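# What the coordinates show
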Amino acid sequence: MSHPEPSRPVYVTRSSEIKQSGGQTEGMIRSNAIVDKSDGICATHMLAKPHSSSAVHHHGAQDTIVHAVKGHGSIVSEGGTKRVDLEPGDFALIPAFMEHQEVNDGDEEVVWTIVRSGRIPEVVNLSGWHGSPVKD
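These lines cover the structure that appears in this document, whether it is placed above or below. (Residues numbered from 1 in each chain as written. Predicted model: local features only at pLDDT ≥ 70, side-chain atom pairs only at ≥ 80, totals over all residues. Heavy atoms only, no water.)

## Thoughts on the overall build of the protein chain
Secondary structure summary: the protein chain contains 0 helices and 12 strands in total. Going from the N terminus to the C terminus, the protein chain shows its helices and strands as β-β-β-β-β-β-β-β-β-β-β-β. The C-alpha atoms of the protein chain give a radius of gyration of 16 Å, which matches the 14 Å a tight globule of 136 residues would have. Once the C-alpha set of the protein chain is aligned to its principal axes, its extents read approximately 50 × 30 × 30 Å. In the protein chain, which comprises 136 residues, the share counted as buried stands at 37%. (Helix = DSSP H or I, 4+ residues; strand = E, 2+ residues; numbered from the N terminus. Rg over C-alpha atoms; globule rule 2.2 N^0.38 Å. Buried < 20%, exposed > 50% of the residue type's maximum accessible area, 1.4 Å probe, protein only.)

Below, the structure is given as structure tokens:
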């Protein structure tokens, strides 16, 4: 069975090349890993300092998969009424337009790898649950 030839070579971003990106919240360090390389997917790295939380936000039309790498963090959603705790090795799917917040209540850093269904990650910070978009 034959298949089409790949349109481009394998692309690698070395850990030493990953740099902090936009959409920062106090205590949360977001970095682009593989962005603007494929029409349908991108990957980022998130480090949450101890006792920190992101702004309430969503990712527009992009579905998001989170892979917990280090530490114990949480995803709060549904207007702040639902909390899902993640430990290393866990995966979570955050549907497009789902308002949520990443939370690290612990004393250690939390590290997540994040994959989104878009070429460039979209982050829409909100003024609060069901709030208006906050201009950068």
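## Here we look at the sheet that holds strand S2 (residues 28–34)
The antiparallel open sheet is built from 6 strands, whose spatial order is S1-S2-S3-S11-S6-S9. Two strands in the sheet have a free side with no partner beyond their single neighbour: strand S1 (19–20) and strand S9 (91–94). (Pairing = 2+ DSSP bridges.)

## Some points on the pairing of S2
Where S1 lies against S2, 2 bridges are found, and the strand directions are antiparallel. Of the residues in S2, the one forming a bridge with Gln20 is Ser31. The pairing of S2 with strand S3 (residues 42–48) spans 6 bridges and is antiparallel. The residue of S3 that forms the bridge with Ser31 is His45.

## Observations regarding the side chain of Ser31
Take Ser31: it is sitting in strand S2. Given a relative accessible area of 7%, Ser31 falls into the buried group. Apart from residues no more than four positions distant in its own chain, Ser31 is found in contact with Ile18, Lys19, Gln20, Ser21, Thr44 and His45. (Contact = heavy atoms within 4.5 Å.)

## Some thoughts on the pattern of salt bridges
Evaluated as defined, the whole model comprises 6 salt bridges. Between Arg119 and Asp39 there is a salt bridge, and its shortest N-O distance comes to 2.6 Å. Remark: Asp39 occurs in the loop between S2 and S3 and Arg119 occurs in the loop between strand S11 (110–116) and strand S12 (124–125); sequence separation between them is 80 residues. A salt bridge links Asp85 to Arg83, with the nearest nitrogen and oxygen atoms 3.2 Å apart. (Salt bridge = Lys/Arg side-chain N within 4 Å of Asp/Glu carboxyl O.)

## Digging into the nonpolar core
The nonpolar side chains of soluble globular proteins are, as a tendency, buried together. Residues Met28, Met46, Ala48, Val66, Ala68, Ile75, Leu86, Ala92, Ile94, Val110, Trp112 and Ile114 constitute the largest nonpolar core, which totals 12 residues. Looking at this core, the elements with two or more residues in it are S3, strand S6 (64–70), S9 and S11. Residues in contact with Ala48, not counting those within four places in the same chain, are Gly27, Met28, Asn104, Glu108, Glu109 and Val110. (Core = buried A, V, L, I, M, F, W, Y, C linked by side-chain atoms within 4.5 Å.)

## Considerations on a nonpolar patch on the surface
A surface patch of nonpolar side chains, amounting to about 340 Å² of accessible area, comprises Ile65, Phe91 and Leu93. On the basis of relative accessibility, which here comes to 60%, the residue Phe91 falls in the exposed class. (Patch = residues over 30% accessible without salt bridge, like charges linked within 9 Å, V, L, I, M, F, W, Y side chains within 5 Å. Areas by Shrake-Rupley, 256 points an atom, 1.4 Å probe, with all protein chains shown as cover.)

Function-wise, these values are silent; they only describe arrangement.
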